[in-house]
Amino acid sequence: MSRRIVLTAGVLVACFFLGGLIGWSQRPAEWQLGLWQTARVSMDAATYGHAYESQAERVLLYFIYGGMLGLAIAVLLMIVLRQRLRERLPVVP
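Keep in mind it's a predicted model, so treat the numbers as computed, not measured. Numbering of residues starts from 1 in each chain and follows the order in which that chain's sequence is written. Local features in this predicted model are restricted to residues of pLDDT 70 or higher, and side-chain atom pairs are both shown and tallied only at a pLDDT of 80 or more, whereas totals for entire chains, interfaces and linings draw on every residue. With hydrogens and water set aside, each side-chain value is computed from the structure's full complement of heavy atoms.

(A) Molecular detail of the overall build of the chain. A run of H or I in DSSP counts as a helix once it spans at least four residues, and a run of E counts as a strand once it spans at least two, with each numbered from the N terminus. Each helix and strand counted, the chain has four helices and zero strands in total. What you see for the chain is a C-alpha radius of gyration of 19 Å, clearly larger than the 12 Å of a compact globule of 93 residues, by over 25%. Taken along its principal axes, the extent of the C-alpha atoms in the chain is 65 × 30 × 15 Å. Burial analysis of the chain (93 residues in total) assigns 23% to the buried set. Nonlocal contacts in the chain, meaning residues at least 24 apart in sequence, comprise 61% of its contacts between residues at least 6 apart. When the accessible area of the chain is evaluated, it comes to approximately 7,400 Å², of which 67% is carbon and sulfur surface. Computation of the radius of gyration draws on C-alpha atoms alone. For the globule rule, the value is 2.2 Å times the number of residues to the power 0.38. Think of it in three bands: with a 1.4 Å probe and only protein chains considered, a residue is buried below 20% of the maximum accessible area for its type, exposed above 50%, and partly exposed in between. Here, two residues are considered to be in contact whenever any of their heavy atoms come within 4.5 Å of each other. All accessible-area figures derive from a Shrake-Rupley calculation using a 1.4 Å probe, and residue coverage is judged against the displayed protein chains alone.

Structure representation (structure tokens):
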């Protein structure tokens, strides 16, 4: 596998998690559970009840939407950087 592909994948994953953590920090102050506990609650209506599970699913979206925003920003920056680098490189016939 190419080194560039591994680096690109690593940057995208890191940007997703960074954006997700920023999104997670914006969750409602009343929500006291951590990220992994929230993920567990969002999948277990039998133990925690349907109302609590639904609320956990909505709170988990803060992480997911933040991650998607971080991913989109990373992709846009990569496109811009690639265009800038192409403009600087000399054209070889």
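(B) Seen up close, the packing of helix α1 (residues 3-24) against helix α4 (residues 50-88). One way to put it is that α1 packs onto α4 with a least axis distance of 6 Å and a crossing angle of 140°. Classified by the angle between their axes, α1 and α4 sit oblique to one another. Between α1 and α4 lies a crossing whose hand is right-handed. Partitioned by chemical class, the residues of the contact of α1 with α4 number 17 nonpolar, seven polar and no charged. Axis lines are fitted through C-alpha atoms, for helices just across the contact stretch, and the angle between N-to-C directions can take any value from 0 to 180 degrees. Each angle is binned into one of four classes, with values under 35 degrees roughly parallel, values over 145 roughly antiparallel, values of 65 to 115 roughly perpendicular, and all other values oblique. Two helices that cross are described as forming a left-handed crossing if the nearer one is turned anticlockwise from the farther one by less than a right angle, and a right-handed crossing if clockwise. Residue polarity follows a fixed list, in which Ala, Val, Leu, Ile, Met, Phe, Trp, Tyr, Cys and Pro are nonpolar, Asp, Glu, Lys and Arg are charged, and the others, Gly among them, are polar.

(C) Geometry of α1. With 22 residues, α1 ought to run about 32 Å at 1.5 Å a step, and its terminal C-alpha atoms sit 31 Å apart, in line with that. When α1 is considered as a whole, its buried residues turn out to be Gly19, Gly20, Gly23 and Trp24. Buried positions in α1, seen along its axis, are confined to an arc of 140° and lie on one side of it. For α1, exposure combined with an orientation more than 90 degrees from the buried face picks out Arg3, Arg4, Leu7, Leu18 and Ile22. On its buried face, α1 is in contact with α2 (35-41) and α4. A helix is expected to reach a length of 1.5 Å times the quantity of its residues less one. What the arc describes is the spread of directions from the helix axis to the C-beta atoms.

(D) Inspection of α4 at higher detail. Helix length check: α4 (39 residues) gives 57 Å between terminal C-alpha atoms against 57 Å at 1.5 Å per residue, within 8%. Within the sequence span of α4, burial applies to Glu53, Ser54, Ala56, Val59, Leu60, Phe63, Gly66, Gly67, Gly70 and Ala74. Lining the buried residues of α4 we find α1, α2 and α3 (45-48).

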